[in-house]
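So you can see what is in the structure, the chains are spelled out below.
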Amino acid sequence: MHYVPRILVTGGAGFIGSFLCERLLDTGAEVLCVDNFFTGRRSNVAHLLENPRFEIMRHDITFPLFVEVDQIYNLACPASPIHYQHDPVQTTKTSVHGAINMLGLAKRVKARILQASTSEVYGDPDVHPQREDYWGNVNPIGIRSCYDEGKRCAETLFFDYYRQHKVQIKVARIFNTYGPRMHPNDGRVVSNFIVQALQGRDITIYGDGRQTRSFCFVSDLVDGLMRLMNSDDAITGPINLGNPGEFTMLELAEKVIELTGSTSKITHKPLPQDDPRKRRPDITRANEQLQWRPKVTLEDGLRPTIEYFREEIRNLV
Ligand code: NAD
Ligand code: UDP
């Protein structure tokens, strides 16, 4: 009989997780989505519930989990600064206790495990673009630290489980990712600008708007995560996954205004503490080891994202 792999996705009801669950089901796998619905939504995976190979479980990964699976994608963790700063102690617990629990599970059932790490491990970088061998410039006691240091500690745990217990690990450092199913009140820049533009409200640029980010469309990112999970045993990462196209927040605002045809004006608000000045991935490693590079340009990714938010806003009224 054909063997059907069983795959656990923690944070599977979130923005990236829901697309990942969808793509994994397309491969014929059984998918167990585990989520505590802190930032995730049932509606993100509602269309998958009819699939007999899909299962959803409400569970907080800061508590142990006993299931039998072949692969684990560990995505559970709020990703937006507003959400991860709402309960910073829980954010660290999710990253650290969550990693310990999921690594313990991987060790017991001999599963492969992939960690959704982040470009935030580079902090406010002195090296540009960021390569995986750069150790970062992170404030350990600031308002972003619960997330940045939580994710850094999770990486440490992954590599210690690899060295000490021979767990098969894969660590992806994800750069800013956007697309449909982002929460309209998520607070991240792409969702904020689009919702503001569609509602004709002022577009809020924090600081002078000359800080840069690199934006990856969600389908490209999910493709990279799956390639990494299914890569050769010797490939552990860390491996950057992101789109090297780099834009200032001013450029992003102008692009969103243009694509939405909005009359919104730009307004400036104070720059949040420890906001990184620039961010852009060096994806040489992903290219060489996974033959991965993103395909979707910012404009091509913004269009369906704008259509999604248009629909969300229509449903609100
Ligand atoms: P998201 O907030 O939409 O998804 C996170 C999911 O995790 C949500 O469904 C949430 O309810 C769930 N969750 C949070 N704490 C949990 C807990 N303790 N137990 C169980 N579930 C929990 O965010 P996203 O953008 O989809 O991000 C997914 C992952 O990718 C996160 O780990 C994030 O740190 C990482 N990441 C995302 C980006 C990005 O730009 N989107 C960038 C770098 C890293
Ligand atoms: N930002 C902004 N206006 C907003 C939201 C965010 O100018 O309404 C800026 C923010 O200060 C940062 C960048 O956009 O410089 C990206 O912010 P986001 O919260 O999306 O992610 P980050 O990369 O900072 O984690």
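Bear in mind that the values here come from a model prediction, so they are computed numbers and not experimental data.

Here we take up the site of ligand 2. Taken together, 18 residues lie near ligand 2, and N192, T204, R213, D275 and R279 sit nearest. One nitrogen or oxygen atom from the side chain of R144 is found 2.9 Å from an oxygen atom belonging to ligand 2. Within the side chain of N176, an N or O atom sits 2.9 Å from an oxygen atom of ligand 2. Protein burial of ligand 2: of its 520 Å² of free accessible surface, 95% is covered by the chains.

A word on the pattern of salt bridges. Summed over all chains, the structure comprises 23 salt bridges. For R163, the salt bridge goes to D160, with nearest N and O atoms at 3.0 Å. Of the two residues, R163 and D160 both sit in helix α5 (residues 145–165), 3 residues apart, roughly one turn of that helix. Accessibility expressed as a relative area gives 53% for R163, which makes it exposed. Each member of the salt-bridge network shares a partner with another, and the members are E120, R144, R213, D275 and R279.

Right, let's get into the site of ligand 1. Around ligand 1, the structure places 30 residues, and the nearest of them are D35, T39, Y147, T177 and R188. At 2.5 Å, a side-chain N or O of D35 approaches an oxygen atom of ligand 1. Residue L75 places a main-chain N or O atom 2.8 Å away from an oxygen atom belonging to ligand 1. Against a free-state accessible area of 820 Å², the protein chains account for coverage of 97% of ligand 1. Sorting the residues of the shell around ligand 1 by element identifies α1 (15–26), α4 (88–109), β5 (112–118) and α5 as the ones contributing at least two each. If you tally residues by element for the shell around ligand 1, the top one is β5, at 3 residues. Residues belonging to the shell around ligand 1 are distributed by class as follows: 14 nonpolar, 12 polar and 4 charged.

With that out of the way, let us pick up the side chain of Q196. Structurally, Q196 is set in helix α6 (residues 189–198). With a relative accessible area of 6%, Q196 lands in the buried category. In this structure Q196 touches R201, D202, I203, T204 and S264, once residues within four positions along its chain are discounted.

For strand β6 (residues 169–174), the tally of buried residues reaches 6 of 6 residues, placing the bulk of the element in the interior. Alternating positions in β6 separate into two faces, I169, V171 and R173 on one and K170, A172 and I174 on the other, with burial throughout. Relative to β6, β5 runs parallel, the two sharing 6 bridges. Along β6, the bridge assignment pairs A116 with A172. Viewed along the sheet, the connection from β5 through α5 into β6 turns out right-handed. Where β6 and strand β11 (residues 239–241) come together, 3 bridges link them in parallel fashion. The residue of β11 that forms the bridge with I174 is L241.

Conventions used here
Note that residues are indexed from 1 along each chain, following the sequence as it is written. Numbering of ligands from 1 and lettering of chains from A proceed in the order in which they are written. With the structure being a predicted model, the display of local features is reserved for residues of pLDDT at least 70 and the display and counting of side-chain atom pairs for 80 or more, all residues being used for whole-chain, interface and lining totals. Hydrogen atoms and water are omitted, and side-chain values are computed over all heavy atoms in the structure. Summary of the distance rule: residues count as near a molecule or strand when at least one heavy atom falls within 4 Å of that molecule or strand. Here a polar contact is taken to be a pair of N or O atoms separated by no more than 3.5 Å, where protein atoms must pair a possible hydrogen donor with a possible acceptor and residues adjacent in sequence count only if both atoms sit in side chains. Accessible areas in this description were obtained via Shrake-Rupley with a 1.4 Å probe; residue shielding takes into account the shown protein chains only. Here, a salt bridge means any side-chain nitrogen of Lys or Arg that lies within 4 Å of a carboxyl oxygen of Asp or Glu. Helix and strand definitions follow DSSP, with helices as H or I runs of at least four residues and strands as E runs of at least two, each counted in order from the N terminus. Note on exposure labels: buried denotes an accessible area under 20% of the residue type's maximum, exposed denotes more than 50%, and partly exposed covers the range between, all computed with a 1.4 Å probe on protein chains only. Only Asp, Glu, Lys and Arg are considered charged in this grouping, and only Ala, Val, Leu, Ile, Met, Phe, Trp, Tyr, Cys and Pro are considered nonpolar; every other residue, Gly among them, is considered polar. When checking whether two residues touch, look at their non-hydrogen atoms; a contact exists if any pair is within 4.5 Å. Here, strands pair whenever DSSP counts at least two bridges between them. A right-handed crossover is one whose linking path, passing over the helix from the first strand to the second, runs clockwise when the strands point away from the viewer.

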